[in-house]
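Given next are the chains, with one letter for each unit.
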Amino acid sequence: MLMTGNMAAAWGARLGRADYIPAYPITPQTEIIETIAKWVRLGEMDAKLVQMESEHSMLTAAGAASLAGARVFTATSSQGLLYALEMLYNISGWRAPMMLINVARALAAPITLEPDHNDVLAARDTGFLQFHAETCQEVLDLILLAYRVAEDSSVLLPAIVNLDGFYLSFTREKVTLPSEQDVSTFLPDYNPPNPFRANMPVSKGATVLNGALYSYFKYHMHTSSIRALSVFEEAALQFERIFGRSYSPVEPYMMDDAEFVIVISNSFSTIAKQAVRRLRERGFPAGLLKLRMLRPFPSSLVARYLSARRGVAVFDQNISLGSGGIIYPEVVASLYHRRNRPQLLLPVIGGLGGKQITVEEMEKIFEAIKNEIGAESPDPIFLMRQEELETTKNMVRTAKEVQI
Amino acid sequence: MPLITNYFLALTLDFYILTQPLIVIPDKFLMILMIVRVRFHGRGGQGAKTASRILGTASFVEGMNVQDSPVYGAERRGAPVTAFTRISDSEILERGYVFDPDLLIVMDATLLASPVAKVTDGIRKKGAIFLNAQSANIIGEHYTLPSDVRIASYDLTSSAMEMLGKPIISSASAAAAARLVGLVKESSLEQAIVTELEEIGLSEEMIKKNVMLGRKIFSSLEPLELATEESEKKLRIVPLEMITSNDGLEDIIAVGNSKVAKTGSWRIFKPVVDYEKCTACTVCYAYCPESALILRQDGKPEIDYDNCKGCLICYRECPPKAINIEREVIAF
Ligand code: SF4
Ligand code: SF4
């Protein structure tokens, strides 16, 4: 079927048999909830959908319902995610394995609708597992995989699946829908530990008022998150056996003999892959490593794939103002203790607010990696095409100088 | 780690991308990669997004790989909308904005003047432009069109007015694109029109009319057998200077930006005041969302056609029906 990323996310909820969906609207995720609402109304999906009064309430309800044993699904974007952020820390602390879809949209101000990853990466320390999708098919598949990992009794953490606004949310492409039967084999019903029951009182997320206890539980969450990596790998093997599509926490593309590599995530990976393919046609040994799992961060896999390459660029579609890209230091940390680490780790920032990236820009990054090898400390690249800067300057001028 | 400072890397080496011919003729045997990129330019309300989806679905029905998507800002009638359909016989390693279309579908020729829409930017050598217009020659007199491309035209809006009673040209534009690309059978187009219009909840009768409209356009055009080539591109990534002045603030200081952006070019219909009938009640003045009605000394309105975007609220609200409407761009 041809479907948008939003539609694929809705199918993830439906095939994953989500039974409680608290909702609050925000562009560009709205189509997900609209679709589910339609299915629920038509009786095609057996779930309870509740419109809440804010994202904060939405997440509170989501976490609580998950503790009661429901399979919970919800979605938000951008400011909505940030408004709910406080609850994200609570939900992971409650060990409630619910699903949150984030349709990436850059944060205000300035206000825009198009994506970058500052919204979803603001949730990187919350304890939510994070999976980032490149295609509409991946959106659906990662939801099924993420439920499976999150609900695993050795993990029990909530999960975020991220898809880019516009580039996936409103883009239709071919998606193969798995059968309900296959999905229930892969993803059995959720079996919650100590769910809220009228006949069996239980307290969750209790106050500890004690640093040692607090540390113990935090450390426990941390190790559970780390464990999610191998649980994912195991689940992915079964996923491949049943559905024929294979997923690993990172995806290597033309990496076999690659000397120059770009590390990237989400929908712009497609454009970078095209650049790799075009460069290969010209005999340039380019390769790509896509980060599919951001939390836990797959450090050892990143190190394994990047060791012994000549130069690596890390493409951050986000910016930690006053520092730089958010993923870059994580890649650096993964490689620091490797004896044969690449000679160059080039930080690149691009695509903020959905700034369009051409395949030529991606090619230019590879050219820059090659040119910068040997540089003392390589200057970060902040992608901006000449014509884009000119248009921008014109607009700024219009906003400031025009008088009637 | 290095800080983002004003020392952004300046890659000043211009580099030229290798020219690779791209074959789009469907029945060639030695076809390594066939991909057609169609870019639709329309205005909010004309149906550009639906057009891209109808073309997408029709091509998908034909067994092609398809990707379609729209871009639009805050949704409003009249604003430029762009939508894309990529059609391929193999994996589509592209995403987002189509910078280098093989075929451009210009649903509103006045967009050719828009500095925002940048309609003809990036079109591939030997690509094609379809104009929703009676005569491409007249358009050519008003706007500069790129050389080395083929031009086709048909007055979709008049056909839509006649057959649907509305200037909505989603099916018509999709039909034109499908025919010109030449990969889609008429039956697949019809199936796609039905699927997509059902999806957006149109009545059965309206869908039928759209199918008829699609058929009419499809049979009025001929396939183009496009064989486009990549245009030479010059790419420069520029360093950002450290911003020291107010330029870095988002503030809009200047008043009257709409004097620069002439929203009057959005109109499909224009309101015309019948001063005989007008009672100077000023209802239109109160309702116009654009302040495009200015009251004269005698209290009757004068329409600022540079900025009236043709929403026709004044026409609907005028108590004695003293505002008439006229079809715009009829000359094209
Ligand atoms: S059509 Fe009428 S109401 Fe609408 S912008 Fe023009 S003058 Fe104003
Ligand atoms: S609403 Fe009609 S009658 Fe009243 S001022 Fe406007 S044009 Fe004249």
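These figures come from a predicted structure and were not determined experimentally.

**Thoughts on the overall build of chain B**
When you go through chain B residue by residue, the secondary structure sums to eight helices and twelve strands. A total of 332 residues make up chain B; the buried ones form 48% of that total. Considering only contacts within chain B whose residues lie at least 6 apart along the sequence, 71% involve residues at least 24 apart. Taken as a whole, chain B presents about 15800 Å² of accessible surface, with 53% of it coming from carbon and sulfur.

**Overview of the overall build of chain A**
Across its full length, chain A holds 14 helices and 15 strands. Taking 22 Å as the expected radius of gyration for a compact globule of 404 residues, we find that chain A reaches 22 Å, a close match to that expectation. Here chain A has roughly 15700 Å² of accessible surface; of this, 52% comes from carbon and sulfur atoms. Here chain A holds 39 positive side-chain charges and 43 negative ones, and the gap between their average locations is 3 Å.

**Regarding the sheet that holds strand 7 (residues 159-164) of chain A**
Residue and element names in this part refer to chain A. Within the open sheet, the five strands sit side by side as 4-5-7-6-12. Their pairing is mixed. What marks the edges here is a single partner per strand, and that holds for strand 4 (73-76) and strand 12 (293-295). In this sheet, neighbouring strand axes are inclined to one another by 25 degrees on average, regardless of whether the strands run parallel or antiparallel. Sheet topology note: the strand 6 (residues 129-132)/strand 12 ladder contains two bridges and is antiparallel.

**Some thoughts on the site of ligand 2**
Lining the immediate surroundings of ligand 2 are Cys278(B), Thr279(B), Ala280(B), Cys281(B), Thr282(B), Val283(B), Cys284(B), Pro301(B), Cys318(B), Pro319(B), Pro320(B) and Ile323(B). Of the residues belonging to the shell around ligand 2, the class tally is ten nonpolar, two polar and no charged.

**Re the pairing of strand 14 (residues 344-349) of chain A**
Residue and element names in this part refer to chain A. Within strand 14, six of the six residues are buried, which leaves the element mostly enclosed by the surrounding structure. Side-chain alternation along strand 14 places Leu344, Leu346 and Val348 on one buried face and Leu345, Pro347 and Ile349 on a second face that is also buried. You can see the chain leave strand 13 (residues 311-316), run along helix 12 (residues 327-335) and come back into strand 14, and the turn it takes is right-handed. As paired elements, strand 14 and strand 15 (residues 381-382) share two bridges and run parallel to each other. Following the sheet pairing, Ile349 is matched in strand 15 by Phe382. As a crossover connection, the stretch from strand 14 through helix 13 (residues 359-372) into strand 15 is left-handed.

**Digging into the pairing of strand 11 (residues 286-291) of chain A**
Here is the key point about a regular strand: its side chains alternate between the two faces of the sheet. All names here are of chain A. In terms of burial, strand 11 is largely enclosed, as six of its six residues are buried. In strand 11, alternate side chains face the same way, and those of Ala286, Leu288 and Lys290 on one face and Gly287, Leu289 and Leu291 on the other are all buried. Note that strand 9 (residues 250-253) and strand 11 share four bridges and pair antiparallel. Bridge assignment links Glu251 to a residue of strand 11, and that residue is Lys290.

**Here we look at unusual backbone geometry**
Residue and element names in this part refer to chain A. Cis geometry marks the peptide bond from Thr27 to Pro28, where omega comes out at 0 degrees. Tracing the sequence through the fold places Pro28 in the loop between strand 2 (20-23) and helix 2 (30-41). Of note, the bond from Ala108 into Ala109 is cis; its omega dihedral lies within 30 degrees of zero at -5 degrees. Structurally, Ala109 is set in the loop between strand 5 (99-104) and helix 6 (118-121). The phi dihedral of Arg17 falls on the positive side, at around 55 degrees, and the residue is not glycine. With respect to the element layout, Arg17 can be found in the loop between helix 1 (5-15) and strand 2. With relative accessibility at 28%, the residue Arg17 sits in the partly exposed group.

**Observations regarding the sheet that holds strand 15 of chain A**
All names here are of chain A. Ordered by their spatial adjacency, six strands build an open sheet running 9-11-10-13-14-15, and the pairing between neighbours is mixed. The outermost strands of the open sheet, each flanked by one partner alone, are strand 9 and strand 15. Taken together, the six bridges between strand 13 and strand 14 define a ladder with parallel strand orientation. Along strand 14, the bridge assignment pairs Asp316 with Ile349.

**Side note on the domain arrangement of chain B**
Residues and elements named next belong to chain B. On domain assignment, one finds that chain B holds domain 1 (7-220) and domain 2 (263-327). On the side of domain 2, five residues touch domain 1, which itself brings twelve residues to the contact. The junction of domain 1 with domain 2 conceals about 700 Å² of combined surface from both sides, 59% of it contributed by carbon and sulfur atoms. Here domain 1 is connected to domain 2 by zero salt bridges. At the surface where domain 1 touches domain 2, the tally comes to zero residue pairs in polar contact (both at pLDDT 80 or more). With three residues, the single largest contributor to the side of domain 1 that touches domain 2 is helix 3 (residues 156-163). When the residues that make up the side of domain 1 that touches domain 2 are grouped by side-chain class, the tally is three nonpolar, five polar and four charged.

Cut-offs used in this document
- Residues numbered from 1 in each chain as written.
- Chains lettered and ligands numbered in written order.
- Predicted model: local features only at pLDDT ≥ 70, side-chain atom pairs only at ≥ 80, totals over all residues.
- Heavy atoms only, no water.
- Helix = DSSP H or I, 4+ residues; strand = E, 2+ residues; numbered from the N terminus.
- Buried < 20%, exposed > 50% of the residue type's maximum accessible area, 1.4 Å probe, protein only.
- Contact = heavy atoms within 4.5 Å.
- Areas by Shrake-Rupley, 256 points an atom, 1.4 Å probe, with all protein chains shown as cover.
- Rg over C-alpha atoms; globule rule 2.2 N^0.38 Å.
- Lys, Arg positive; Asp, Glu negative; His and termini not counted.
- Charge placed at Lys NZ, Arg CZ, Asp CG, Glu CD.
- Pairing = 2+ DSSP bridges.
- Axes fitted to C-alpha atoms, helices over the stretch in contact; angles between N-to-C directions.
- Near = heavy atom within 4 Å.
- Nonpolar A, V, L, I, M, F, W, Y, C, P; charged D, E, K, R; others polar.
- Right-handed = clockwise from strand over helix to strand, strands pointing away.
- Domains from an automatic or database assignment.
- Buried area = accessible area lost by both parts, 1.4 Å probe.
- Salt bridge = Lys/Arg side-chain N within 4 Å of Asp/Glu carboxyl O.
- Polar contact = N/O pair within 3.5 Å; in protein donor to acceptor, adjacent residues only side chain to side chain.

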